Structures are given as C-alpha cells and as structure tokens.
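Here's the letter readout for the chains.
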Amino acid sequence: MYFIVLRSATAAEKARRILSGYKISSSTGKITTTKGCRFGIYTEYDPDKTCRLLSLGGLNCLEIRNGGDAG
Amino acid sequence: MIYLDNAATTYPKPVSVLHTAEKALYDYGANPGRSGHRLSLETSKQVFGAREKCAEFFGGETENTVFTLNCTHAINFAVKGVCQSVGHCHVITSDLEHNSVIRPLHALYKQKRISYSIADSGNSDSELLASLERLIRRDTAVIVITAGCNVNGRITPLSDIAALCRRHNICLIADCAQAAGVIPLSLSDGINIICAPGHKGLYGPMGTGVLVTDGKFPLSTLIEGGTGSASGDINQPDFLPDSFESGTINTPGAIALGRGVEFVTAKGIDRIYTHEMSLCELFVKRCESIKSIKLYRCENAKSLPVVSFTAGEETSSITADMLSQNGFYLRGGLHCNFLAHKKQGTLEKGTVRLAPSVFNTRTDIIKLTELLYKKYGGKSS
C-alpha cells in the first residue's frame, strides 16, 4: 500500500476521481508528518505510474510513502 | 402568500435542495478537509462533488472554485485580492453597480490603495463599451462590473467587455449576483473572475456563494487561518481553493448548493429565463392601463427578469407595505444600489421590485396586478 501526498483534501478527492477513471482503486486519507497534516490517496497501484497519471490531470504528487510509513 | 422578491433570495428552494441540506446535517457532520477519519473524508467527498458542479456550471476548474459566504464576499476577495497583488492601481466600474462593488472600491480609495472611475452606462451596450474604453489608463488593472443590474435588470455585454479587457491586459471581474442561474455565464466568455451568490438564481441556501477564477490574475488573500493543509507552515497556502477557504466552510450549505446547481442545470437556463421573462412581460403588459404605475426598464439593452416600478407619488416603501399587507412580498427601497437609482432618478423614493423565480406562475402576476388595479385604478383584462 502506498500513500501519495497531495497538497489538499480537494486535490486528494480529485485524484481519487481521476484514478477511478483509469479503473485504479484508491481511497483518500490523511497522515501526520513533521510538516503537519497531509492529505493524499492510498493505492496499491504502481506509485510512479499513478503520479504520471495524476500529473496529466494537473495534480502534483508531493511525496510517495510506502508500507508502514504510509500512515 | 405570493413571494416575488427572488432577486434578494429565491424562495422557496427546490425540495431536492432542502433534502440535501437536511441529509448533510444528519449524515455529513464532520469537518471536511480537516480530519482523516472516514466521516471527514466522506464529507470532503460531498463538498468536492458540489465544488465540481459549480466549477462546471461556470466553465472553471474545480480547484479554482472557492466557496464563499455570499456574492459580496466573493467580490471583496476578487477586487481586493487582485488590487493588493498588483499594488496601487486604477479600477473601472459602472453606474449600474450594487454596493457590494462600489463600497469595497470606495474603501480601497479612501485607504489610498486604488483610484477608480465610474463608467456612464448610457442607454445602450455601445455607449457603455465606449465609456469603459475612454476611462482605461496605463495603470488600469481591473474592470469590475455587474452581469445584470439588480434594479432595472439591464444586462451588460460581458463578452465585449472581456475582449476590451484582453486587449489592455485588464482583469475582468463579473458580479453575477442577479444573473447567475438566469443567463449563461462562463469563464470561456473571457471573464477572469466570476462572483456569484449561491442563494439566488442557483437556488442554494443563504450563506453560500462562489468565486470562480481562471487563475490568470494572482489573488492575495484577505483572511488567513486554518485550511487543513500545509499546517506545518506559518505561511498561508498559496494554492486554491485552500488559500481562500480559511476556517470551516458552510458545509451543509455548500453541499446543498451543489444540488441547486443541479436543479438549474436540469431545468435549463434558457427555459428558466424564458419563463421568468414571460412573467415580467405579463406584468408590464397588465400595468399599461394603470396610469399611475411607472416602470423603470432599459429599452435598448437585454434585460434580466426584474421590473422596478413606482405607484403615483407614493414612496416605494408605502407601496411595498401595502402589497405585503395583502400577501404579496416584493422589495421596496434602494435595493443596496444607490448608483442605479441615482441614474434613473429614483434615489428619493426608491422603487418596488418585481423579481419572479422558476416557481412563480402567471396566476401570481394576475393576482398582483388585480390588486394594483383595485388600489390605483386601471382596467382588468
């Protein structure tokens, strides 16, 4: 499971919609880091490919976290 | 009771809006964009859906659509946001403007942060355009203008004004308070920032509004605070919509507004406009035989479904009071727009404003005019 950090809850929900259009399963979530709370999406899909797809939709992935570090 | 004060706020609201607001209060009670638990995320999802509908409705991007408390808030965010970002600049507006436009401009002027000019709208689109063009200076940064006047219904030629703004690299801010949901309005017409209330022609609850920007002109923030994002940074986030949504938004209002937009889209703006205009035309036609009723309309420009009138020498508040006592709810006075009243010579007495919604019928208008016949003389037809 990966957690892809996006800049806001709005961006996270938009990401979920974009990925759903590609039949990629994801869910929105939030983690707390030293930089404060960060919204993003959980997905089991390849994170690099996910970020490429999201960038086509105008979203920047700020960070990719995996495994036990995913929140 | 016959409610014809829909230019102040539409009433009643569609049943779907009522049910959605109720469901939001029952089922989406967590704070959206704040917590990571399931209820908060579900609420965020609902808010996003409403934001998406508003964005689509005005031809904007979802992230560039900001929920505000009303149109006045949106106009303040837009005008002050652009002016603060540019520095001291010149702003042009028109003599048709509501206080939600002229008061922020005048406040900025008193603080020596801008200078502003008021274009004479004359009696036609070409006169308004010529007047706007004449006032443009090298330091003009913004034209802020109504899409349609809330006193006499006059529609302004926004596409032509947008073309003028593009030629001079001026930001066009449209006050769509009366026009949103009644005539088509889109960023694709060249408007840079659309400001709209949620509670009028979009049939959402009071306490809702939107600002939709094409992002071409940077906006400084007026209110800073918690956004649920970038919380470890002392600086306000610089991305939309978070930068303009500090503090908790009116969540049930926003979700219900999404349903209102859906209602308008399903009905069709053209059908809504045709229906409401036909009621105004019926009113005008039936008032023809009442000599003491004077109507205030712009004959040489397109109009929103709003008709202002006075009865004889009475002040508008007396006429509106009489109507209220007989079960007809119309607004008298200056409608928060002294500029338009000054232009049409009704600053002293004000006017009574007829503003139908999609829920009014021909029978409502016939009953209203029957009362006017009875009070002021005239022939019933």
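Predicted, not measured: the structure shown is a model, and the values here were computed from it.

Residues and elements named next belong to chain B. If you look at the biggest cluster of nonpolar residues, it comprises 111 residues, and the most contacted ones within it are Val142, Ala174, Ile194 and Cys195. In terms of residues, this core owes the most to one element, helix H3 (residues 71-86), which gives eight residues. Here this core spans two domains, and each of domain 1 (2-10 + 268-376) and domain 2 (15-267) adds at least three residues to it. Setting aside chain neighbours within four positions, we find Ile194 in contact with Phe58, Ala174, Cys176, Leu185, Leu187 and Val212.

To continue, consider the interface of chain B and chain A. At the junction of the two partners, chain B supplies 20 residues and chain A supplies 15 residues. Considered class by class, the residues forming the side of chain B that touches chain A number six nonpolar, nine polar and five charged.

All names here are of chain B. Helix H7 (residues 251-267) packs onto helix H2 (residues 38-57) with a crossing angle of 40° between their chain directions and a minimal axis gap of 8 Å. In this view, H2 runs oblique relative to H7, as classed from their interaxial angle. Here the hand of the crossing between H2 and H7 comes out left-handed. Where H2 approaches H7, its residues Thr43, Gln46, Val47, Gly49, Ala50, Lys53, Cys54 and Phe57 are matched on the opposing element by Thr251, Ala254, Ile255, Leu257, Gly258, Val261, Glu262 and Thr265. Tallied by class, the residues present in the contact of H2 with H7 amount to eight nonpolar, six polar and two charged.

Turning next to the domain arrangement of chain B. Residue and element names in this part refer to chain B. When the domains of chain B are assigned, the result is domain 1 (2-10 + 268-376) and domain 2 (15-267). For domain 1 and domain 2, the distance between their C-alpha centroids amounts to 27 Å. At the interface, 31 residues of domain 1 touch 30 residues of domain 2. For the side of domain 1 that touches domain 2, the secondary-structure elements that each account for two or more residues are helix H8 (269-287), strand S10 (307-311) and helix H10 (338-344). Its residues placed into classes, the side of domain 1 that touches domain 2 shows 15 nonpolar, 11 polar and five charged.

Residue and element names in this part refer to chain A. Its place among the elements puts Ile31 in strand S2 (residues 26-33). When the 17 C-beta atoms within 10 Å are taken as the criterion, Ile31 is described as partly exposed. With 10 residues separating them in the primary sequence, Ile31 and Ile41 have C-alpha atoms 10.0 Å apart.

Another point: the pairing of strand S3 (residues 36-43) of chain A. Residues and elements named next belong to chain A. Pairing geometry for strand S1 (residues 2-5) and S3, over four bridges, is antiparallel. Looking at the pairing, Phe3 lines up with Tyr42 of S3. With eight bridges connecting them, S2 and S3 associate as antiparallel partners. Pairing of Thr28 across the sheet is with Ile41, part of S3. Count of turn residues in the S2/S3 antiparallel hairpin: two residues.

Residue and element names in this part refer to chain B. The sheet built from seven strands is open, its strands ordered S2-S8-S7-S6-S5-S3-S4 with mixed pairing. Every other strand in the sheet has two partners, leaving strand S2 (65-68) and strand S4 (114-119) as the edge strands with one partner each. The average angle at which neighbouring strand axes cross in this sheet is 20°, direction not considered. The pairing of strand S6 (residues 171-175) with strand S7 (residues 193-197) spans three bridges and is classified as parallel. Bridge pairing in S7 places Asp175 opposite Cys195.

A few words on the environment of Lys53 of chain B. Residues and elements named next belong to chain B. By secondary structure assignment, the location of Lys53 is in helix H2. Classification of Lys53 as buried rests on a count of 20 C-beta atoms within 10 Å. For Lys53 and Val261, which are 208 residues apart along the polypeptide, the C-alpha to C-alpha distance reads 6.7 Å. Dropping the residues within four chain positions of it, Lys53 is found in contact with Gly258, Val261 and Glu262.

Residues and elements named next belong to chain B. Contact geometry of H8 with helix H11 (residues 362-376) gives a least axis separation of 10 Å together with a crossing angle of 25°. With respect to their mutual orientation, H8 and H11 come out roughly parallel. The handedness of the crossing between H8 and H11 comes out as right-handed. Across the interface between the two elements, Leu279, Leu282, Phe283, Arg286 and Cys287 from H8 touch Arg362, Ile365, Thr369 and Leu372 from H11. Considering only residue class, the contact of H8 with H11 consists of six nonpolar, one polar and two charged.

Cut-offs and rules
Here the residue numbering is sequential within each chain, running from 1 through the sequence in written order. The lettering of chains begins at A and the numbering of ligands begins at 1, in the order of writing. For a predicted model such as this one, the threshold for reporting local features is a pLDDT of at least 70, and the threshold for listing and counting side-chain atom pairs is 80 or more; totals across whole chains, interfaces and linings nevertheless cover every residue. For our purposes the nonpolar core covers buried Ala, Val, Leu, Ile, Met, Phe, Trp, Tyr and Cys residues that link as a set through C-beta atoms within 7 Å. Remark: C-beta atoms are placed from the backbone, and a residue is labelled buried if 20 or more other C-beta atoms sit within 10 Å of its own, exposed if 12 or fewer do, or partly exposed between those counts. Here a helix means four or more residues in a row that DSSP labels H or I, a strand means two or more in a row labelled E, and each is numbered from the N terminus. Residue ranges assigned to the domains are those given by an automatic or database domain assignment. Placing a C-beta atom from the backbone of each residue, one calls two residues in contact when those atoms lie within 7 Å. Residues are grouped as follows: nonpolar covers Ala, Val, Leu, Ile, Met, Phe, Trp, Tyr, Cys and Pro; charged covers Asp, Glu, Lys and Arg; every other residue, Gly included, is treated as polar. A fitted line through C-alpha atoms serves as each axis, taken over the contacting stretch for helices, and the angle formed by two N-to-C directions is quoted from 0 to 180°. Roughly parallel covers angles under 35 degrees, roughly antiparallel covers those over 145, roughly perpendicular covers 65 to 115, and oblique covers all other angles. Each helix crossing is assigned a hand: it is left-handed if the near helix lies turned anticlockwise from the far helix by less than a right angle, otherwise right-handed if that turn is clockwise. Two strands pair if DSSP finds at least two bridges between them.

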